Amino acid sequence: MSDQQTIEQIQQEIVSANHDRLYKATLKEVANCKCTSCGFNKAKAIYKSSSGLDNISEFDMKKFNEIMCS
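A. Just the overall build of the protein, in detail. For the protein, the count of helices and strands is three helices and zero strands. Walking the protein from its N terminus toward its C terminus, one meets helices and strands in the order α-α-α. Here the protein holds 70 residues, and the buried ones make up 7% of them. For the protein, the accessible surface area stands at approximately 6100 Å², while carbon and sulfur atoms represent 56% of it.

Structure representation (C-alpha cells):
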C-alpha cells in the first residue's frame, strides 16, 4: 500500500510542476506579446486608461466587451 501511495504522490508532484511551468510560460508569452491585433493588449490598455473601468466611455466599453466576449 505505501508503495502505491508513494507512486501517486510522485505523479502528483510531476503533474503540478508541469502545470506550473505551462502557466508561467503562458504568462510570459502574453506579457511579451507586442502585436497590435492582440485583444488582450487592447483590453488591458482600455482597462488602464479608464481607471479600472470606473471612468469609461460608452465607445470604449463597447470595444472592451467585444474583446472579452469574442
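Next comes the rest of the account.
B. Fine view of the pattern of salt bridges. Applying the stated rule across the entire model yields one salt bridge. One salt bridge connects Lys63 with Asp60, and the closest N-O pair in it is separated by 3.9 Å. Here Lys63 and its partner Asp60 are both found in helix α3 (residues 58-69), three residues apart, which amounts to about one turn of the helix. With a relative accessible area of 23%, Asp60 lands in the partly exposed category.

C. Examining the confidence of the model for the protein more closely. Per-residue confidence for the protein averages 75 on the pLDDT scale, and 70% of its residues sit at or above 70. Within the protein, helix α1 (residues 2-31) has the poorest average pLDDT of any element, 73, and α3 the best, 84.

D. Up close: the packing of helix α2 (residues 39-49) against α3. Taken N-terminus to C-terminus, the directions of α2 and α3 make an angle of 145°; their axes are 9 Å apart at the nearest point. Regarding α2 and α3, the two cross each other, and that crossing is left-handed. Taking contact as the criterion, the partners of Gly39, Lys42, Ala43, Ile46 and Tyr47 in α2 are, on α3, Asp60, Lys63, Phe64, Ile67 and Met68.

E. Geometry of the environment of Ser57. Note on placement: Ser57 falls in the loop between α2 and α3. A relative accessible area of 36% means that Ser57 is categorised as partly exposed. Linking Ser57 and Ile46, residues eleven residues apart in sequence, is a C-alpha distance of 9.9 Å. Among the polar contacts made by the side chain of Ser57, one reaches the main-chain amide nitrogen of Asp60 at a distance of 3.1 Å.

Calculation notes
- Residues numbered from 1 in each chain as written.
- Predicted model: local features only at pLDDT ≥ 70, side-chain atom pairs only at ≥ 80, totals over all residues.
- Heavy atoms only, no water.
- Helix = DSSP H or I, 4+ residues; strand = E, 2+ residues; numbered from the N terminus.
- Buried < 20%, exposed > 50% of the residue type's maximum accessible area, 1.4 Å probe, protein only.
- Areas by Shrake-Rupley, 256 points an atom, 1.4 Å probe, with all protein chains shown as cover.
- Salt bridge = Lys/Arg side-chain N within 4 Å of Asp/Glu carboxyl O.
- pLDDT = per-residue confidence, 0-100.
- Axes fitted to C-alpha atoms, helices over the stretch in contact; angles between N-to-C directions.
- Left-handed = near helix turned anticlockwise from the far one by under 90°.
- Contact = heavy atoms within 4.5 Å.
- Polar contact = N/O pair within 3.5 Å; in protein donor to acceptor, adjacent residues only side chain to side chain.

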